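Results of the structural survey
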Amino acid sequence: MSAEYGVTSGGTWGIFESYSEEESVEKVEVRNEDNQAEEQKALSKEVKKTWKCTLVSGETPPSAGEVLTVGTWSGIVDSVKKTQENGNHYTTYEVVASQRDAATLTAYSAPA
């Protein structure tokens, strides 16, 4: 048995310090007259990935609403959190992106 090493790749915009992945499903329930669940059905599956990174000099982080590709996986950026601390000389970013089922991804476009 061997342990899997932590973050093994980075994006062009940042040096990845940590990475997490979460899978979830959207469900619907059928309830009886006593309001007890009798049946559950999974409607769709979502994969949400979170990266914490230090920005590479001269690069800009992804922005919320854009399509992000890391390796072979793509998702829409849900949020970008910028953190600056006195004890840390670098600005860090936490980028969260998600993909539901095999949906076609279209980036956010501001209304005209």
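For the structure itself, look to the data block above.
Just so it is clear, the model here is predicted, and its values are computed rather than measured.

Now for the sheet that holds strand β4 (residues 73-83). Read from one edge of the open sheet, 5 strands run β1-β2-β5-β4-β3, paired in antiparallel fashion. Taken across any chain shown, the strands that pair with only one partner, and hence form the sheet edges, are β1 (14-31) and β3 (67-70). Each strand of the sheet is rotated relative to its neighbour by a mean of 40°, with strand direction disregarded. The sheet contact formed by β4 and strand β5 (residues 92-100) spans 7 bridges and is antiparallel. The partner of T83 across the bridge, within β5, is T92.

Mapped onto the elements of the fold, V80 is located in strand β4. For V80, a relative accessible area of 31% translates into the label partly exposed. The spacing of V80 and P61 is 19 residues in sequence and 8.1 Å in space, taken between C-alpha atoms. Setting aside residues up to four positions removed in sequence, V80 forms contacts with P62, S63, A64, Y93, E94 and V95.

Below, the discussion takes up the packing of aromatic side chains. Here the distance between the centres and the angle between the planes together describe a pair of aromatic rings. Inspection of every chain in the model, using the stated rule, returns 3 aromatic pairs. Ring geometry for F16 against W51: centres 6.1 Å apart, planes inclined by 35°, an arrangement best described as tilted. Here F16 is found in strand β1, whereas its partner W51 is found in strand β2 (residues 37-55), with 35 residues between them in sequence. Accessibility assignment for this pair places F16 and W51 in one class, buried. When the ring of W51 is compared with that of W73, the centres are 6.0 Å apart and the planes differ by 55°; the resulting orientation is tilted. Of this pair, W51 sits in strand β2 while W73 sits in strand β4, and the two are 22 residues apart along the sequence. One exposure class covers both W51 and W73, and it is buried. An aromatic cluster is present here, built from F16, Y19, W51 and W73 joined pairwise through their rings.

Parameters at a glance
- Residues numbered from 1 in each chain as written.
- Predicted model: local features only at pLDDT ≥ 70, side-chain atom pairs only at ≥ 80, totals over all residues.
- Heavy atoms only, no water.
- Pairing = 2+ DSSP bridges.
- Helix = DSSP H or I, 4+ residues; strand = E, 2+ residues; numbered from the N terminus.
- Axes fitted to C-alpha atoms, helices over the stretch in contact; angles between N-to-C directions.
- Buried < 20%, exposed > 50% of the residue type's maximum accessible area, 1.4 Å probe, protein only.
- Contact = heavy atoms within 4.5 Å.
- Phe/Tyr/Trp six-rings, centres within 6.5 Å; stacked < 30°, edge-to-face > 60°.

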